[in-house]
Amino acid sequence: MYSQNIIINNLSFNYDVNTILKNINLTIPRGGFSLIIGPNGCGKSTLLRLIAGLYPQYGGQILKGNIINPFKNWGMIFQEPDKQFTMATPRQEFIFTLENIHCPQEKAYTQINNAVKLTKIEELLDRPFIKLSGGEKQKVALAIIMAMDPPLILLDEPFACCDMTTRHLLIKQLALLKQAGKTILITDHNLAGYQNICDDIFGFINEKFINYDNEQKRALFAQVKPTLNKHFEMVTSSSNADFSLKKFTLKNPAKFLINQVTIDIPKGKGILLTGENGSGKTSLFKAMTKLIDYEGNLFFEHKEIKKWSFRKYLSKVNQAFQNADDQFLMITVQEELELSQFKCANSLFDEQSLQHYLSILKLNDHLQQTVYSLSGGQKKRLQLLLMIMANPQVLLLDEPFTGLDCESITIFINLLKEYFIDKNKTVIIISHNLDQMDQLCQYHLQLQNQNLKFITN
């Protein structure tokens with residue numbers, strides 16, 4: 001009998017020489033809002049690509065089993081937003097996408113306008129993608145999917161770079177799409193916002209995906225921590241500063257991001273940097289690593305950073321990029337590690353320590369794997385491990401926990417405390433994932449309304 005559901009029958013899948021999925025059996029109901037959860041590397045992203053037909057057509061091998069997918073049309077949001085787009089601006093991307101699905105022009109403009117209004121991206125339409133933040137790109141990606149109007153929507157960690165307001169807005173729009181009869185399948189490590197929307201949760205337990213029962217779902221949602229509950233320390237004038245900003249101004253072609261700010265950023269502490277998507281957090285990091293220009297003064301160790309030589313400065317101040325792919329220089333995991341070992345500035349991070357962390361981060365079985373074929377979470381774990389081995393005086397982390405499960409986040413928080421905070425080194429972290437941030441950071445720096453200030457909550 002023909003089924004309207006997505007049915008996965010005894011499926012096993014290999015990528016390169018690694019078995020990603022083994023004997024998976026699932027039925028994903030049509031017209032439902034289904035969430036897939038599980039630890040990094042368990043195969044969540046792979047499963048979405050198999051359902052979409054991207055695998056094995058463009059990679060990997062089905063060893064046995066099959067997928068019955070009744071949907072002829074689908075739309076997908078990938079984990080890395082930079083891989084989502086072909087054109088230079090969101091407006092061009094909308095037009096290109098709807099032309100490719102042969103949507104009549106008048107209907108296309110109506111659907112584009114509706115999607116733009118619902119996701120509130122009007123001001124982003126003509127800005128180049130290279131000028132958008134990660135969260136802004138994810139908003140645009142969902143808007144384009146909404147304009148396409150497919151019956152099946154697949155989303156892989158689609159809100160990882162979104163602030164909490166944007167996250168709830170976009171989940172609300174997905175809920176409306178579900179009410180309109182769309183089938184939605186989404187992977188996420190963060191359960192905030194799904195409590196009253198999600199129909200089914202499929203989780204990876206004992207090497208199998210299972211459908212959680214109501215009691216298991218209630219237990220999962222009871223663990224959600226949507227906000228910080230810590231009062232942070234207030235920075236005093238006597239604090240020893242790593243960076244000093246004097247009438248510091250940062251802008252892009254569209255607007256001022258930071259305007260005439262004077263503030264000291266203390267040394268040897270963990271500092272959480274928050275702000276809405278597009279407020280300028282990543283741009284601030286780029287200014288602090290000499291990648292973009294600014295007005296006013298930005299001092300590091302009492303010396304204007306424009307007067308530092310590029311090489312010497314970046315040996316002291318280093319940044320983990322939001323997109324892990326941008327960090328890698330070599331082909332395989334082993335080659336990346338060997339390069340970092342050769343350059344390693346951390347005398348405490350010896351071979352024994354490296355092997356220990358490779359094991360607990362579950363990277364030791366992927367040493368010969370191409371870095372770009374790793375899962376999103378595995379890439380992040382490798383990226384952060386390499387940054388810790390580099391051992392700069394200041395480490396700037398831009399959304400470092402995107403795609404990481406709770407266990408991995410805990411491991412890295414402990415690593416950052418041991419190798420940085422406890423050694424009087426500075427960690428400044430941009431994160432919309434607030435889970436466990438109070439265990440790493442003593443100060444909370446907020447970027448809001450073109451101003452930087454320390455707050456205590």
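Residues numbered from 1 in each chain as written. Predicted model: local features only at pLDDT ≥ 70, side-chain atom pairs only at ≥ 80, totals over all residues. Heavy atoms only, no water.

Identification of the protein chain as ABC transporter, ATP-binding protein from Lactobacillus iners DSM 13335 is taken from an unreviewed UniProt entry. Under the heading Sequence similarities (unreviewed entry), UniProt records this for the protein chain: "Belongs to the ABC transporter superfamily." (UniProt positions renumbered as here; feature names shortened; annotations may be inferred.)

To continue, consider the sheet that holds strand β2 (residues 18-28). The three strands lie next to each other as β2-β1-β4, forming an open sheet whose pairing is antiparallel. The outermost strands of the open sheet, each flanked by one partner alone, are β2 and β4 (61-68). Each strand axis lies, on average, 10° off the axis of its neighbour in the sheet, ignoring direction. Two strands pair when backbone bridges link them, and strand β1 (residues 6-15) and β2 are joined in this way by seven bridges, in the antiparallel orientation. From the neighbouring strand, Ile-6 faces β2, where its bridge partner is Ile-28. (Pairing = 2+ DSSP bridges. Helix = DSSP H or I, 4+ residues; strand = E, 2+ residues; numbered from the N terminus. Axes fitted to C-alpha atoms, helices over the stretch in contact; angles between N-to-C directions.)

For the rest of this paragraph, the subject is the nonpolar core. Ranked by size, the top nonpolar core spans 44 residues in total, and within it Phe-94, Leu-174 and Tyr-194 carry the most contacts. Within the residue set of this core, elements represented by two or more residues are β3 (33-37), α2 (90-100), α3 (105-119), α4 (134-148), β6 (152-156), α5 (164-179), β7 (183-187) and α6 (214-222). In terms of residue count, α4 provides more of this core than any other element does, eight residues in total. Non-local contacts of Phe-94, meaning those with residues more than four positions away in its chain, are made with Ile-112, Val-116, Ile-121, Leu-125, Ala-143, Ile-144 and Ala-147. (Core = buried A, V, L, I, M, F, W, Y, C linked by side-chain atoms within 4.5 Å. Buried < 20%, exposed > 50% of the residue type's maximum accessible area, 1.4 Å probe, protein only. Contact = heavy atoms within 4.5 Å.)

In this structure, strand β10 (residues 241-251) lies alongside strand β11 (residues 256-266), joined through seven bridges in antiparallel fashion. Opposite Ala-241, over in β11, you have Pro-266 as the bridge partner. Adjacent in sequence and paired antiparallel, β10 and β11 are bridged by four residues.

On to the domain arrangement of the protein chain, then. Assigned domains of the protein chain: these are domain 1 (6-223) and domain 2 (241-455). Placing the centre of domain 1 and that of domain 2 at their C-alpha centroids yields a distance of 28 Å. Listed per partner, the contact involves 22 residues of domain 1 and 26 residues of domain 2. Between domain 1 and domain 2 the total buried area reaches about 2000 Å² when both faces are included, carbon and sulfur atoms providing 44% of it. Put simply, domain 1 and domain 2 have two salt bridges between them. Linking Lys-83 and Asp-325 is a salt bridge whose minimum nitrogen-to-oxygen distance equals 3.4 Å. Across the domain 1-domain 2 interface, the total number found is 10 residue pairs in polar contact (both at pLDDT 80 or more). Tallying contributions element by element places α4 first for the side of domain 1 that touches domain 2, with three residues. A breakdown of the residues in the side of domain 1 that touches domain 2 according to their chemical character gives five nonpolar, nine polar and eight charged. (Domains from an automatic or database assignment. Buried area = accessible area lost by both parts, 1.4 Å probe. Salt bridge = Lys/Arg side-chain N within 4 Å of Asp/Glu carboxyl O. Polar contact = N/O pair within 3.5 Å; in protein donor to acceptor, adjacent residues only side chain to side chain. Nonpolar A, V, L, I, M, F, W, Y, C, P; charged D, E, K, R; others polar.)

Relative orientation of the contacting elements α2 and α3 amounts to 135°, with a least axis distance of 11 Å. Relative to α3, the element α2 lies oblique. The hand of the α2/α3 crossing is right-handed. Listed contacts from α3 to Phe-94, Ile-95 and Leu-98 of α2 are Ala-108, Gln-111, Ile-112 and Val-116. Class assignment for the residues of the contact of α2 with α3 results in six nonpolar, one polar and no charged. (Parallel < 35°, antiparallel > 145°, perpendicular 65-115°, else oblique. Left-handed = near helix turned anticlockwise from the far one by under 90°.)

Looking now at the environment of Ile-145. Inspection of the secondary structure assignment puts Ile-145 in helix α4. Residue Ile-145 is classed as buried on the basis of its relative accessible area, which comes to 3%. Note: C-alpha distance between Ile-145 and Leu-98 (47 residues apart in sequence) is 9.9 Å. Beyond its immediate stretch of four places on either side in the chain, Ile-145 contacts Gly-75, Met-76, Ile-77, Pro-150 and Ile-153.

For the bond running from Tyr-55 to Pro-56, omega is 0°, close enough to zero to count as cis. By secondary structure assignment, the location of Pro-56 is in the loop between α1 (44-52) and β4. Phi is positive for Lys-290, close to 65°, though the residue is something other than glycine. Secondary-structure assignment places Lys-290 in the loop between α7 (281-288) and β13 (295-300).

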